[in-house]
Amino acid sequence: MNNFKKTQLVSVTKLVVLTLTMVFASCSSNNEDDVVKEQSITAANFKSYTSYSDNGYTNIQFGDVTNNSYVPIIKVENYNAAYNYSIVIKGDYLENEYKVALTFDKVNNSGDTILKFDNAEFDAVPDTYQAYILEEDSNTEVFINNVPNQGERTYYVYDADHSEYLYNLTFKKSRTDFTRPTSIYKNEDIYVGFSQGFSQDLKLEMVAYDTDLNALGRVDIHNVSTSYTNKFYGTDLTFITKSGNYIFQVEGTPITAGSSNTIKKSTYKTMTVNIN
């Protein structure tokens, strides 16, 4: 009887030792998985874009939008095939972040390593975004620079397939001049870019916010005879009483009851308003 108890106790002791050994081994394995590896990637840039604007920036649309066959091409330097990579986009105004896996595409004729991702994986609310590559294994984030031939232009990424997306908001100096004005005036007509394809059967309004994105008010947007241009009246901005920077966004609501359209929103843009 005593011998049985002793044998049983030994067996239990062995089990405890075995369990502890397994725990240590598991911890060791987990620690190895959690080790941050040496950084490999050193730089990245887009190799393609949707269009560039007279407003001084480059458009990079994610999504299979109207008349857009854009394929995102990203060149990276010092790619490590043993590492995992993602593309991260960060909102300029709403500060939302979205992440999608990047995979190896090819080494092109110039010897550049090209990575790709699936446009459809993004579902980013209307905003302008900046893009980064996350090297998962080294926990390194590298900003994706603009297409080299775009010089010092800023680029804006946006998800044109999102259900609320209207179009990218642009301010214009006049009906025919797409140059972005340095400021807008309350005593003048204010011209903005317009996309008919995205705006059909919608009542368009310009929503104004302070720099903390608190809504101040909204005004009607009016059609003009020039293509790709609409306007609103500076005199309608009665809720803006001080000169300064304000954030604007176009919002479209369905004109027809029961329309298949839903509320649509443009990207945001900051403009200086002069009340004099």
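Above this text you will find the structure in question.
Residues numbered from 1 in each chain as written. Predicted model: local features only at pLDDT ≥ 70, side-chain atom pairs only at ≥ 80, totals over all residues. Heavy atoms only, no water.

Novice: Explanation requested: the overall build of the protein in the structure shown.
Specialist: Check the secondary structure of the protein and you find 2 helices and 19 strands. In the protein, which comprises 276 residues, the proportion classed as buried is 42%. Taking all contacts inside the protein whose residues are at least 6 apart in sequence as the whole, residues at least 24 apart take part in 69%. If you sum the accessible surface of the protein, you get close to 15200 Å²; carbon and sulfur atoms cover 47% of it. (Helix = DSSP H or I, 4+ residues; strand = E, 2+ residues; numbered from the N terminus. Buried < 20%, exposed > 50% of the residue type's maximum accessible area, 1.4 Å probe, protein only. Contact = heavy atoms within 4.5 Å. Areas by Shrake-Rupley, 256 points an atom, 1.4 Å probe, with all protein chains shown as cover.)

Novice: How should I be thinking about the sheet that holds strand 14 (residues 202-209) in this particular structure?
Specialist: By definition, the strands of a sheet pair up through backbone hydrogen bonds, in either a parallel or an antiparallel sense. With respect to topology, 5 strands assemble into an open sheet ordered 12-19-18-14-15, the strand pairing being mixed. Lying at the two open borders of the sheet, with one neighbouring strand each, are strand 12 (184-185) and strand 15 (215-220). (Pairing = 2+ DSSP bridges.)

Novice: Just checking my understanding: could you explain the pairing of strand 4 (residues 74-77) for this structure?
Specialist: Consecutive side chains along a regular strand alternate between the two faces of the sheet. Relative to strand 4, strand 1 (residues 43-46) runs antiparallel, the two being bridged by 4 bridges. Bridge pairing links A44 to V76 in strand 4. In this structure, strand 4 lies alongside strand 7 (residues 113-116), joined through 3 bridges in antiparallel fashion. Within strand 7, the position partnered with V76 by the bridge is T113.

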